[in-house]
Amino acid sequence: MSRHVRSIAVRACLLGLGALALATPSSAQPPAQIQQAVDAAYQRFRTLNEGKNADYIPALAKVDPNLFGIALVTADGKVYTAGDVKTEVSIQSISKVFTMAQVIQEQGADAIEKRIGVDATGARFNSIIAIEAVRTVSGTGAPEMNPLVNPGAISATSMVMGPTSDAVWAKIIGFHNAAAGRQLSVLQDVYKSESDSNQRNQAIGALMLAYGYIKGNWQQAVDLYTRQCSIGVNAQDLATMAATLAAAGKNPITHSQVIDAAKVPNVLAVMSTAGLYDDSGKWLYHTGLPAKSGVGGGIIAVSPGKFGIAVVAPPLDDAGNSVKAQRAIEAISAALGGNPYGVSQVQTTTVQVTSPPRPSLEIYGFAMLDMGHNFKQIHPDWYDTLRLTKLPASPNEFGEDNSTFSGVRQSRLGVRSSTPTTMGDLKTIFEFELFGTGVDSGQTTFRLRHAWGELGAFGAGQYWSPFTDPDAFPNSLEYWGPTGLAWYRNVQVRWTPIRDDNNSLMIALERPGASGDQGVYADRIELQGIKARFPLPDFSAAYKYSEKWGYVRVAAQLRKIKWDDTLNDNLDLSGDATGWGFNFSSNLNAGKNDVIRMAVVVGEGIENSMNDSPVDIGIQKNLQDPLRPVIGKPLPIVGTSFFLDHKWNDRLSTAVGYSRQDIDNSDGQAPNAFKAGQYFLGNLLYTPVPNVMVGGEYQWGRRENFSDGFHSDGVKVQFSFKYNFSWKLGG
């Protein structure tokens, strides 16, 4: 067969693979079946003792040969693992796939085909003879090379455009980060070891320049190629990268569109014909899966529309492919019907071209009726809550006990959208409720909850403060909720540099705000000119670590509060304070039907961020100073919250728990100033059909004053009826 005819045949094969890459799967396996297949492969091959580590790069010879991890990520983002899926190895040749994909994304599929080619060379991955055998100077014909062997990969790296080497590297690592769904970094020991021993690749780079495959600085191309091969990844990273290809270019974990769906078949086609070095044909013959191996011990494989799978196990066979990884992937794919050429696929699947992701718009919310009875007093504007700061601060402050209430103020309406972009999904949310606060206290009126936009790692608008953990709130009927929680929606600009299955880190600059208490001196004219000022935005940050057992989260807040004395008298009552706080929270899965929600908040001058605290700054006596007889003091606070959510069955559930806050008052505050609060609730909720809930709840709370010995209780029974709705267009 002539070279020209062989090239036509290969291209025809690639077109067929492209159609399969866009096939819509007929069904998805149950999660238990997938995990069982992963576990079975791990147990079957974990004691397999064949092959040896790559040693032509000295650092690779030192990797633990017993390392064995399997990860499978479905096209809809579910993750299944077995073994060691967290230890990092160097990505090596698997990186070639994603640099090739980056060039195709930025310059089109023709750029790769015309500059490098897409044909298997039939020679070793680092062959110099192969360059001589198939060399075609650009412009004189179609070259017969491909981006998954070293010469083609170095050329592909040279095609990533940027004004400087650092700029090009930022693009390369950024693309790999997007596919993996987290920030990756170079394993410096591997990079140094490989740089010290890559004379063959340097020769290839120079030869590729001579024959027109590389147009610029070949030394830079070789160095960047060496660096990309030294990126550290674990099995779960690799599976997520493979799943991004399986899901038509959209990372199923972060939902970021990494590569256009229409360009994914080109990537998978080259993986199919040249992904496993000399054994690519044999691999495709047995599995049908587009795949790519690396001499670091990893292999990724893609079942289009279904899943991406990765195995890390360093010992390699003679062709340079992980022995355990090949066996494990083949077994798992066979168990799950992953082969796109399989009989079941042919019989049951209609091949369709997957449309590019579309914008979506969802209208959602709920209608909710609350009815109940207050056995004690509460401020009349807060009749349908158990807000402890609104309980009486003196005997019979709000009249007599016993009052019945009803209302629909918890009802909610929201609109959210998602629009695919080249930088990831643009997400927006506008959400309102009917619960009036501030000047609208006691009213049933529209009130903005969220006005938020998010693109990639950046967000801006009004949304939950990072200092707040919404998941610490119990599944209760009462609107206001536990007194000891940090609970605040705020205007902010936010950066989330880390967001993956196990870790998230967010940092925000927020709208500042605080309140003060002039206490027993409130009627003094000398205090009437005090004006609050906030020279800096509030700073907040939160880190969350998640596992199957739940999560732990720590958040911090820092704020600068100033107040100016604007009266022209003989006193200077200006001052400032620093507010700070930490919020430690967690959800623990205590069995299949129980979730424990906990939080502890400590700090001072952060009452503005708490669910139900009165003031941040209290007045402190300073009578020994005639110029400043009183000063402001940031009030220390400790808040705790502990709740259990229990499911009796699919329709019945209960939430029960206790929350408390304690404030260290300043000595100038009034005797009836709020000092401490306690909060308890227990409920029984029933869901007769989806989206409908009815339930009853008992609530008790206690307010304690600063120094007059008075306390008041709130006792309430509430019944609620809730009807959820959602309508989605597009997506």
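First, a word on what this report is: a plain description of the structure on this page. Every value quoted in this text rests on a predicted model; they were computed, and no experiment measured them. (Residues numbered from 1 in each chain as written. Predicted model: local features only at pLDDT ≥ 70, side-chain atom pairs only at ≥ 80, totals over all residues. Heavy atoms only, no water.)

1. Focus on the overall build of the protein chain
Here is step 1: Regarding its fold elements, the protein chain presents 16 helices and 28 strands.
Here is step 2: In the protein chain, which comprises 731 residues, the proportion classed as buried is 53%.
Here is step 3: The contacts of the protein chain with a sequence gap of at least 6 include a subset with a gap of at least 24, amounting to 69%.
Here is step 4: Carbon and sulfur atoms provide 57% of the accessible area of the protein chain, an area that totals close to 30900 Å².
Here is step 5: Positive and negative charge centroids in the protein chain, built from 64 and 68 side chains respectively, lie 7 Å apart. (Helix = DSSP H or I, 4+ residues; strand = E, 2+ residues; numbered from the N terminus. Buried < 20%, exposed > 50% of the residue type's maximum accessible area, 1.4 Å probe, protein only. Contact = heavy atoms within 4.5 Å. Areas by Shrake-Rupley, 256 points an atom, 1.4 Å probe, with all protein chains shown as cover. Lys, Arg positive; Asp, Glu negative; His and termini not counted. Charge placed at Lys NZ, Arg CZ, Asp CG, Glu CD.)

2. What about the sheet that holds strand E16 (residues 516-517)?
Here is step 1: With mixed pairing, three strands are arranged side by side in an open sheet as E16-E22-E23. The strands lining the two open edges of the sheet, one partner per strand, are E16 and strand E23 (630-634).
Here is step 2: Here E16 runs beside strand E22 (residues 617-621); their pairing, made up of two bridges, is parallel. In the sheet register, Gly516 faces E22, and the bridge partner there is Ile617. (Pairing = 2+ DSSP bridges.)

3. Let's talk about helix H12 (residues 235-246)
Here is step 1: For H12, which comprises 12 residues, the first-to-last C-alpha distance of 16 Å matches the rise-based estimate of 16 Å (1.5 Å per residue) to within 8%.
Here is step 2: In terms of burial, H12 is a largely internal element, 12 of the 12 residues being buried.
Here is step 3: Within the sequence span of H12, burial applies to Ala235, Gln236, Asp237, Leu238, Ala239, Thr240, Met241, Ala242, Ala243, Thr244, Leu245 and Ala246.
Here is step 4: With a side-chain oxygen lying 3.0 Å from the backbone nitrogen of Gln236, the N-terminal cap of H12 falls on Asn234.
Here is step 5: Just beyond H12, the residue with positive phi is Ala248, at close to 60°. (Expected span 1.5 Å × (residues − 1). Polar contact = N/O pair within 3.5 Å; in protein donor to acceptor, adjacent residues only side chain to side chain.)

4. Re the nonpolar core
Here is step 1: Judged by nonpolar contacts, the single largest core of 70 residues is most densely connected at Phe98, Ile112, Leu238, Leu245, Val267 and Met271.
Here is step 2: Sort the elements by how many residues they give to this core and H12 lands first, with eight residues.
Here is step 3: Apart from the residues lying within four places of it in its own chain, the contact partners of Leu245 are Val97, Phe98, Val264, Val267, Leu268, Met271 and Val302. (Core = buried A, V, L, I, M, F, W, Y, C linked by side-chain atoms within 4.5 Å.)

5. Section: the pattern of salt bridges
Here is step 1: Under the counting rule described, the total for this entry stands at 27 salt bridges.
Here is step 2: We note a salt bridge from Lys192 to Asp196, for which the minimum N-O separation is 3.0 Å. In this pair, Lys192 and Asp196 both sit in helix H9 (residues 188-196), four residues apart, roughly one turn of the helix.
Here is step 3: In this structure Asp196 comes out as partly exposed when scored by relative accessible area, which is 48%.
Here is step 4: For Asp713, the salt bridge identified is with Arg702, shortest N-O distance 2.7 Å. Highlighted residues: Asp713 in strand E28 (residues 711-730) and Arg702 in strand E27 (residues 692-705), separated in sequence by 11 residues.
Here is step 5: In this structure, a network of salt bridges that share partners links the residues Arg412, Glu431, Glu433, Arg447 and Arg449. (Salt bridge = Lys/Arg side-chain N within 4 Å of Asp/Glu carboxyl O.)

6. Structural notes on the packing of helix H4 (residues 94-107) against helix H11 (residues 218-229)
Here is step 1: Between H4 and H11, the shortest axis-to-axis distance is 9 Å and the interhelical angle comes to 120°. Classified by the angle between their axes, H4 and H11 sit oblique to one another. As for the relative orientation of H4 and H11, their crossing is right-handed in sense. Where H4 approaches H11, its residues Ser95, Lys96 and Thr99 are matched on the opposing element by Tyr225, Gln228 and Cys229.
Here is step 2: Across the contact of H4 with H11, the residue classes tally to two nonpolar, three polar and one charged. (Axes fitted to C-alpha atoms, helices over the stretch in contact; angles between N-to-C directions. Parallel < 35°, antiparallel > 145°, perpendicular 65-115°, else oblique. Left-handed = near helix turned anticlockwise from the far one by under 90°. Nonpolar A, V, L, I, M, F, W, Y, C, P; charged D, E, K, R; others polar.)

7. Details of the packing of helix H14 (residues 280-287) against helix H15 (residues 323-336)
Here is step 1: In contact at an axis separation of 10 Å, H14 and H15 are set at 25° when each is read in the N-to-C sense. By the criterion of interaxial angle, the relationship of H14 to H15 is roughly parallel. Of H15, the residues touching H14 (which contributes Trp283, His286 and Thr287) are Gln326, Ile329 and Glu330.
Here is step 2: Split by residue class, the contact of H14 with H15 holds two nonpolar, three polar and one charged.

8. Here's the deal with a nonpolar patch on the surface
Here is step 1: On the surface, Leu361, Ile363, Leu413, Val415, Phe430, Phe432, Phe446, Leu448, Phe725, Trp727 and Leu729 cluster together into a nonpolar patch covering about 980 Å² of accessible area.
Here is step 2: Listed by contribution, the elements that provide at least two residues to the nonpolar patch are strand E8 (360-374), strand E10 (412-421), strand E11 (424-435), strand E12 (444-455) and E28.
Here is step 3: Broken down by element, the nonpolar patch gets its largest block of residues, three residues, from E28.
Here is step 4: In this fold, Leu448 is placed in strand E12.
Here is step 5: By relative accessible area, which is 34% here, Leu448 ends up partly exposed. (Patch = residues over 30% accessible without salt bridge, like charges linked within 9 Å, V, L, I, M, F, W, Y side chains within 5 Å.)

9. Focus: unusual backbone geometry
Excluding glycine, most residues fall at negative phi; most peptide bonds, likewise, are trans.
Here is step 1: Even without being a glycine, Tyr277 presents a positive backbone phi close to 55°.
Here is step 2: Turning to its location among the elements, Tyr277 is positioned in the loop between helix H13 (264-274) and H14.
Here is step 3: Here Asn402, not a glycine, exhibits a phi torsion of approximately 75°, which is positive.
Here is step 4: Relative to the helices and strands, Asn402 resides in the loop between E8 and strand E9 (403-407).

10. Details of the pairing of strand E20 (residues 575-589)
Here is step 1: Relative to E20, strand E19 (residues 550-565) runs antiparallel, the two being bridged by 14 bridges. Looking at the pairing, Val552 lines up with Ser586 of E20.
Here is step 2: As defined by bridge partners, E20 adjoins strand E21 (residues 594-604) across 10 bridges and the pair is classed as antiparallel. Within E21, the residue paired with Asn587 across the bridge is Arg597.

11. Some words on the side chain of Arg409
Here is step 1: By secondary structure assignment, the location of Arg409 is in the loop between E9 and E10.
Here is step 2: Every residue in contact with Arg409, bar those within four places of it in the chain, is listed here: Asp381, Tyr383, Asp384, Leu434, Phe435, Gly436, Gly442, Gln443 and Thr444.

12. Let's talk about the sheet that holds strand E2 (residues 79-83)
What links the strands of a sheet is backbone hydrogen bonding, and the strands pair in either a parallel or an antiparallel sense.
Here is step 1: Read across the open sheet, the five strands follow the order E2-E1-E7-E6-E5; overall the sheet is antiparallel. Sheet topology places E2 and strand E5 (291-293) at the edges, where each strand pairs with a single neighbour. Averaged over all pairs of adjacent strands, the angle between strand axes in this sheet comes to 10°, irrespective of strand direction.
Here is step 2: In this structure, strand E1 (residues 69-74) lies alongside strand E7 (residues 307-312), joined through six bridges in antiparallel fashion. Across the sheet, the residue bridging to Ile70 is Val311, located in E7.

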